[in-house]
Structures are given as structure tokens and as C-alpha cells.
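One letter stands for each residue in the lines below.
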Amino acid sequence: MKALTWHGKADIRCESVPDPKIEDGRDAIIKVTACAICGSDLHIYGGIIPGMEHGDVLGHESMGEVVEVGSQNSKLKVGDRVVVPFTISCGECFFCTRGYFSACERTNPDRDKASKLWGNAPGGLFGYSHLLGGYAGGQAEYLRVPYADVGPIKVPEGLTDEQVLFLSDIFPTGYMAAEFCDIQPGDTIAVWGCGPVGQMAIRSAFLLGAERVIAIDTVPERLALARAGGAMTLDFAEEDIYDRIMELTGKRGADACIDAVGTEADATASADSMVDRVKTALFMGTDRPHVLRQAIHCCRNFGTVSIVGVYGGFLDKVPMGSAINRGLRFRMAQTPVQRYLPMLLDRIQKGEIDPSFVITHKASLEEGPDLYKTFRDKHDGCIKVVLKP
Ligand SMILES: NC(=O)c1ccc[n+]([C@@H]2O[C@H](COP(=O)([O-])OP(=O)(O)OC[C@H]3O[C@@H](n4cnc5c(N)ncnc54)[C@H](O)[C@@H]3O)[C@@H](O)[C@H]2O)c1
Ligand SMILES: [Zn+2]
Ligand SMILES: [Zn+2]
């Protein structure tokens, strides 16, 4: 089959790889009808995710038609149309039974490696390195789904691929980011990053009752899409974000701040980020937490900092003094996707939201490598790429 494979920094190829096979009774094989490129894939493309190997198949936002089912899988049958969460979860362990599906204790065969870096290990993810299971991803014609009796959700008649595909990741992730904020009537929520995840967070914050959302980015079409979702916007290249948020909130700060940017924050506007860039380039640091620092400073006393932008290792100069003295609450996670699926599918079916609003590019798998670059560089108005294998 054809798949998008990793060969090093900024080197992604569409090439032939062996078809996946059933390896366990609970598996299913999916013929992928749509898959997407995520901001998390850009960290791999940028060469900053450790544990990638030549030829690894990428992709963790996929859906399709079931073409083969393992002997012990009684939930799925051939012909079912399903969306596959990016988190691989057994459904039975300590964490899965508590709803923390992204921390599944059984699905990450690289537990020891991950524990060395992080003190303990999260669960396995599709297409996301040999720290997180080394599973082949779904930017491919076919995908093997382990524990397919737990993760995939069946798509009801009448919904298009585009409407439901983002249940695999960015819709639950943006929703979780807003849910972490414990939104109360009258709240102002500030969202850093108007990429696909930030866009979902903005719309979810309104679904959960936010009075006002302040969205921050610098890319004009992304800011425009945030405004179309009801947010007011700030351009970090033109305005001092801290000053503006203080001005807009009577000097109190935002009730909650969402970091939907993560480790590759733009450096142009700030000295701290330039230092991060130099340090990461010299392998003296792992991340560039400029947005996290700013989000902490812009959060009101006893407010919430909600982090869904991904970080990899050890973060420098995070203002913990500010956080503890002012009583901030931190929430963060790789999204336990399965936990959100029935409720979010219901919201799509009721017409409360149509997540396809972020899609700007649809193409074939062969065009995938070029579109990684287009998405990274934010060329051609690119906000979200969907590939149709
Ligand atoms: N926690 C999870 O489970 C989960 C799931 C999906 C994605 N993510 C992470 O969410 C993040 C966003 O993903 P995406 O798909 O939207 O990616 P993206 O790269 O398209 O979006 C990031 C946006 O941040 C903006 N940005 C950069 N520097 C900024 C700054 N200083 N201030 C404000 N905005 C700034 C960029 O212009 C861009 O629009 C990534 O780190 C990704 O890895 C996490
Ligand atoms: Zn993702
Ligand atoms: Zn589990």
C-alpha cells in the first residue's frame, strides 16, 4: 500500500510499504477514506520528536471503512464506517477504566524508554515515535487498529467524512482545552494559537458558555477564522499581548488561558523566545515555552492555565513564582479522546458545530509531502489539510 513515511527532518515521502495485517484478535484493519495532518505531525516534521525511525508511517487522525476484523472483536464488523482516536487504549486497565485513555498501561511497548524521560509512561499513539509505541500511523491506504473494540466510533448515516474526521483528535482536544477552564458565566478565555486546535478551543469555549474569547496569533486568515467563530483577536507581531489582555480585563487578567501552540512558538516578537531557539538549536534545551510563560502572566489570580500545545522535555524559565503566589491551576493532557466521543458526535449530529470549518486543503496521499510543507509554512492560506488516500 501507499503511505506517508518519515525519513528525517523535513523529509516525508509517499512510498510503498507492506499492507498491515491482523496481529491480535481484538484488531481491525481499516481502509482509510480520509486522514489529516496535525500540528503535532509538524513537531515530527521539524525533527524535534525523539524516537522516530526511518520509514515510520505517520498520521494519527484517520477514519475509514472496516475491511477485516480479528476473531475476538465483537464490536466491529466488515463494512462499518469508523473514526479512529489517536490514542490507543485497552479499555480495561487502571487508567482506561477511570477515563484516562491516553495513559493506558497496556498499549505502550516502549514504556521503559518513556519512563526514563518522563518518570512514567503514557499509552501508545498512532504514528508518533518509538517512545509512544512505534505504531504505524494512518496517513496511509490501510491502518491496523489495535484494541479496535475500544477506540473507534461508528459514524451514523448522513454525516460526511469531513464532519466527523476531527473526532479523532483536534475536536476533542480543543473541547478538552475549554473544559479544563471550568467556564463560568461572564468568563473571558484567552486562546494562544489559531491553528486547527485553537479554532476548536475557541468554538468549544463558546459552546461551554464563555462570554468573551480573546484569540492570539499573527496569521491573517487564522485570525479571521477565529473572528468568524466569535472571538476578538490580537496579533502578537503587532501588539503587546500582556498589555492588551490587561487592558481588556480591567488589569485583572483572563479567567483562563489556553496554550494551543506548544513547543514551537514563534520567536520573532520576543527576546525570551530567541534564547529558547538558540538553546534548542544547540541541544541545550528541549522546548520553546514562550507562550506558556505569557499565558501564566496573563492569567488572573486563581485562574486556570489549560495546556494542550505539546511539549517534549524540560522547560526553562517557566514563571512558577507567578503561578504559586497567585494560585493558578494548571490542567494539561494528551487528550483521552475516547472519553469525549459520544458527546461530541451528538453535538455534531445536533448541528451545534460542524468541525469541517477548518479545512482549507483536500488532496491525495501523493500530495501529502508537499502539503506538510505548505501547512508548516502556512502558505496558500493553509489551515487544515485532509488527505483522501
Ligand atoms: N494535547 C493533545 O492531545 C494535542 C492534540 C492535537 C494537537 N496538539 C498540539 O496542539 C498544538 C497546536 O496544533 P495545531 O494543529 O493547531 O497546530 P498549528 O501549528 O497549525 O497551530 C499553531 C498556531 O500557533 C500560532 N503561534 C505560534 N507562535 C505563537 C505565539 N507566540 N502566540 C500565539 N500564537 C502563536 C501559529 O501561528 C499557528 O497558527 C500543537 O503543539 C500540537 O502538537 C495537542
Ligand atoms: Zn494530532
Ligand atoms: Zn488501558
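Please refer to the structure higher up on the page.
Residues numbered from 1 in each chain as written. Chains lettered and ligands numbered in written order. Predicted model: local features only at pLDDT ≥ 70, side-chain atom pairs only at ≥ 80, totals over all residues. Heavy atoms only, no water.

**Focus: the layout of surface pockets**
In this structure, the second largest pocket spans a volume of roughly 300 Å³. If you trace the second largest pocket, you find 18 residues lining it, with Pro 18, Pro 20, Glu 23, Ala 136 and Arg 144 closest to the centre. Looking at side-chain class alone, the lining of the second largest pocket contains 11 nonpolar, 3 polar and 4 charged residues. (1 Å grid on protein atoms, 1.4 Å probe; cavity = no way out; pocket = protein on both sides within 12 Å on 5 of 7 lines; lining within 4 Å. Points joined across faces, edges and corners; volume = space filled by probe spheres on them. Nonpolar A, V, L, I, M, F, W, Y, C, P; charged D, E, K, R; others polar.)

**A closer look at the site of ligand 1**
Of all residues adjacent to ligand 1, which total 33 residues, the nearest are Ser 40, Asp 217, Arg 222, Val 308 and Ala 333. In the environment of ligand 1, an oxygen atom lies 3.1 Å from a nitrogen or oxygen atom belonging to the backbone of Pro 196. Within the backbone of Val 197, an N or O atom sits 3.0 Å from an oxygen atom of ligand 1. Coverage of ligand 1 by the protein chains reaches 95% of its 870 Å² of free accessible surface. Of all the secondary-structure elements, those providing two or more residues to the shell around ligand 1 are α1 (39-45), α6 (196-207), β11 (212-217) and α10 (290-298). Ranked by the residues each element gives to the shell around ligand 1, the list is headed by α1, at 4 residues. Here the shell around ligand 1 is composed, by residue class, of 17 nonpolar, 11 polar and 5 charged. (Near = heavy atom within 4 Å. Polar contact = N/O pair within 3.5 Å; in protein donor to acceptor, adjacent residues only side chain to side chain. Areas by Shrake-Rupley, 256 points an atom, 1.4 Å probe, with all protein chains shown as cover. Helix = DSSP H or I, 4+ residues; strand = E, 2+ residues; numbered from the N terminus.)

**Topic: empty space enclosed by the protein**
Considering all chains together, one arrives at 1 cavity of 30 Å³ or more under this definition. Of the volumes computed, that of the largest cavity is approximately 50 Å³. Taken together, Val 84, Pro 85, Thr 87, Ile 88, Ser 89, Phe 126, Val 145, Pro 146, Tyr 147, Gly 151, Pro 152 and Gln 338 form the lining of the largest cavity. Residues of the lining of the largest cavity, tallied by class, amount to 8 nonpolar, 4 polar and no charged.

**So, the sheet that holds strand β14 (residues 299-307)**
On the basis of which strands lie adjacent, the open sheet formed by 6 strands has the order β12-β11-β10-β13-β14-β15 and parallel pairing. With partners counted over all chains shown, the strands left at the sheet margins are β12 (232-235) and β15 (329-332), one partner each. Across the sheet, the mean angle from the axis of one strand to that of its neighbour is 20 degrees, orientation sign disregarded. For strand β10 (residues 188-192) and β11, the ladder comprises 5 bridges, and the chain directions are parallel. Bridging across to β11, Ala 190 finds its partner in Ile 214. Each of β10, β11 and β13 (254-259) is contacted by α6, which is oriented at about 170 degrees to β11, the strand it contacts most. (Pairing = 2+ DSSP bridges. Axes fitted to C-alpha atoms, helices over the stretch in contact; angles between N-to-C directions. Contact = heavy atoms within 4.5 Å.)

**Considerations on the pattern of salt bridges**
The final tally for this structure, using the stated rule, is 22 salt bridges. Two residues, Arg 300 and Asp 255, come together in a salt bridge whose shortest N-O distance is 2.6 Å. Of the two residues, Arg 300 sits in strand β14 while Asp 255 sits in strand β13, which places them 45 residues apart along the sequence. Accessibility expressed as a relative area gives 22% for Arg 300, which makes it partly exposed. In this structure, the salt-bridge partner of Asp 377 is Lys 373, at a minimum N-O distance of 3.2 Å. Taken together, the residues Asp 377 and Lys 373, both in helix α13 (residues 368-377) and 4 residues apart, mark about one turn of the helix. Owing to a relative accessible area of 27%, Asp 377 belongs among the partly exposed residues under this scheme. One salt-bridge network, held together by shared partners, links Arg 81, Asp 161, Glu 162, Lys 362 and Lys 388. (Salt bridge = Lys/Arg side-chain N within 4 Å of Asp/Glu carboxyl O. Buried < 20%, exposed > 50% of the residue type's maximum accessible area, 1.4 Å probe, protein only.)

**Focus: unusual backbone geometry**
Here Ser 129, not a glycine, exhibits a phi torsion of approximately 85 degrees, which is positive. By the element assignment, Ser 129 lies in the loop between β7 (124-125) and β8 (142-145). Looking at Ser 129, the relative accessible area reads 3%, which means it is buried. In this model, Lys 378 sits at a positive phi of 55 degrees, which is unusual for a non-glycine residue. Structurally, Lys 378 is set in the loop between α13 and β17 (385-387). Take Lys 378: its relative accessible area is 35%, and that puts it in the partly exposed class.

These results come straight from atomic positions and should not be treated as a statement about function.
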